[in-house]
Structure formats: structure tokens, C-alpha cells
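Fold and geometry: a report
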Amino acid sequence: MSPYINGWPNKRAGGANVDLQWDDLRIFLAVCDAGSMSGAARRLKVSQPTLSRRIAEMEYGLGEPLFVRKNQGITLTKTGIRLMPAAQGMAQWATEANRSLDAKNSPVSGRVRVTAAPTFALDLLAPFAETLKRKHPQIALEVLASTERLNLSRGEADIALRRYPSDDPDLITVGETVIPIGAYVSKDYARRLPAKYGFRDLDWIAWAGQLEMVSPNPELAAKIPDFRPTFASDDYSVQVAACQAGVGAMILLKTPHRLKRPGDLVELKLELPASLRAELAIICHKRMADLPKVRTVLDLLKQEFSDLRKSQGAKKP
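In this report, we go over the structure that sits alongside the text. (Residues numbered from 1 in each chain as written. Predicted model: local features only at pLDDT ≥ 70, side-chain atom pairs only at ≥ 80, totals over all residues. Heavy atoms only, no water.)

1. Let's talk about the packing of helix α5 (residues 118-135) against helix α8 (residues 236-244)
Helix-helix packing is described using two parameters, namely the angle between the two axes and the distance between the axes. At a closest axis distance of 8 Å, the pairing of α5 and α8 adopts a crossing angle of 65 degrees. Of α8, the residues touching α5 (which contributes Pro118, Thr119, Leu122 and Asp123) are Tyr236, Ser237 and Val240. Of the residues contributing to the contact of α5 with α8, the split by class is four nonpolar, two polar and one charged. (Axes fitted to C-alpha atoms, helices over the stretch in contact; angles between N-to-C directions. Helix = DSSP H or I, 4+ residues; strand = E, 2+ residues; numbered from the N terminus. Contact = heavy atoms within 4.5 Å. Nonpolar A, V, L, I, M, F, W, Y, C, P; charged D, E, K, R; others polar.)

If you want it as C-alpha cells, here you go:
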């Protein structure tokens, strides 16, 4: 029985189990990055037939195709998608291994991707970037601000800041804290408020569209009958800009970054619902936690959490 059917590995022919080496995965990643066999061959400075043969050997050994060949390039199969995180992890380790052998003993460097909700990205990670740059200028921080939950196991990010610790056995929770929150308005808006005011007296700025059930919308709706925000946006930075412009009130983190800018916004005297707690955990995949560049960022984030607890009096949950 032929080991191939129409050019693809025939699992029924019983392809041998493959022991993938770093050089195999390096070729696999080159094809993924280039988007074509020819582009990968040029990048690796080998002939296209040689590269195609190496990929075919990998696919035969795995018993599954890694790529779908098309006229305009290639796309990953489900098997290729499953292989990608491990290949990327090995690439990270190979890079770090080369750096560790550098006779010049160069400082820790490289890109570290951190994913967080827009709230934490703007008020925590943006000012944190200055601290990282000052202490480790060779590390480039890439912040992926999104309400979507990126997959650390698939290598979509190196570190995640999330509301709760992870129960995934492949992920580790490095640190936790609770960041105090408050209701803020512009100075001009505050001057127009009555001496005594409550939640119903305020024009609220909140989430819109598919994010309309994201906090603090549900908490505000529980306090205000027929709650409708005066201004809503699916972009957190747009909400903050509207608040600074005097459109209305907004729930914000009481971070040092926010508190050091008294000219922009002032905090209102409101007792917020107990459910409005900004709990935050630092999460990382086990295979990435000991990479020097990732460990450096993790340690600085842990210190940032410790400083927040000290300055705000917040207790670790």
C-alpha cells in the first residue's frame, strides 16, 4: 500500500512515528511565516524541492498533512495548528539559548506580548511600559488590549492579566491583587452637580454594542431603573476621552497613573456596589514562565502588584 494518496500521507499505510527535531520545526515555522514553500526556501537558503521533501517527510511521519497547498500559497491544517504553539515555544527557547551563549553576555532582550482587557491595558500596562523601558530597554512590550480571551496555550500571547486565576493545569498564576475603583468626572462636570447627588443624577458613560453586558453596565443597571448610558462606546479609550471632555461620569481604576493626573478628572463621593471589584491575576503558560525575557516582565508585574497593594491599602484576595 502506498504511503501517500493523491500526494498526502496515507495513515492506513502506517507511517512511522516521527521524533520531531528542532531543525524540522524550524522549517515548519519558516513555511508558516513565509506563507509559501518557495518563500520559505529562499529564507532558509535551500532549494524548494529539498524543503518540500523535508515537509513531506514530517507529514508522513505524523500521518497527517500540516499544510493545505493552494495556488496562492499554503494554509495550516488542524494538525498544523496544533503543532504551532509547541514549535513557537521551541523557537523562543532556541533564541534564548543562543543569547545565553553570547560571549558578550548581552542583556535580556526581545518582544513580550501581554494581553489584558482595555481597562487594565490603558491604566496599568501603559504606565508600566515606562518602568520596563527604564529598567530593561532591550525588552519590547507588546500590549494586546482586547475583551476577547486570547489563548496562551496556542501562543497567542506570553502573559495575560485576567480577572480571576486560571484553573488550567498548563497555566500558572504568578500574582494577584485587587485594584480599588471609583467614579470620576471632569472638573467642569463636577461643578455643575448639586450638593447632594446619587447614581440617578449622573450622566453615565458605559460600554456599547456587543460589550453592553460587560462591567460596570450590569452594576449600574442594578442601581438605576431603566438604565441607559448618556454616552456609550465599544472602545475604552473613547469612553475615557468622553469623560475628560465633560460628557458624564465613568467607573475607573484608582491606579497611581490615574491619581497622579488630578487636573483631568476628579473622583465623586459615591458608594459603589461591592460587586464592582477590580480583581486581577497575572497568568502565564508553564513553558514560557522561565524564559528570561518573560520572567523579567513577570517579576516586574509582580512588583507592580505589590506596590499597588501598598499604596492603595488593597489586600490580596
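There's plenty left to go through after this.
2. Here's the deal with the sheet that holds strand β13 (residues 265-267)
The antiparallel open sheet is built from three strands, whose spatial order is β12-β9-β13. With partners counted over all chains shown, the strands left at the sheet margins are β12 (250-253) and β13, one partner each. On average, each strand axis in the sheet is tilted by 50 degrees relative to the strand beside it, whichever way the strands run. With three bridges joining them, strand β9 (residues 181-186) and β13 adopt antiparallel strand pairing. Looking at the pairing, Val185 lines up with Val266 of β13. On the sheet, α8 packs against β9, β12 and β13 and is oriented at approximately 115 degrees with respect to β12. (Pairing = 2+ DSSP bridges.)

3. What about helix α3 (residues 48-62)?
In a regular helix each residue adds 1.5 Å, so 15 residues correspond to 21 Å; α3 covers 21 Å between its end C-alpha atoms and thus fits that length. If you check which residues of α3 are buried, you get Leu51, Ile55, Met58, Glu59 and Gly61. The buried residues of α3 occupy an angular sector of 165 degrees when projected down its axis, which confines them to one face. Two residues or fewer past α3, Gly63 is found with a positive phi of approximately 80 degrees. (Expected span 1.5 Å × (residues − 1). Buried < 20%, exposed > 50% of the residue type's maximum accessible area, 1.4 Å probe, protein only. Arc of directions from axis to C-beta.)

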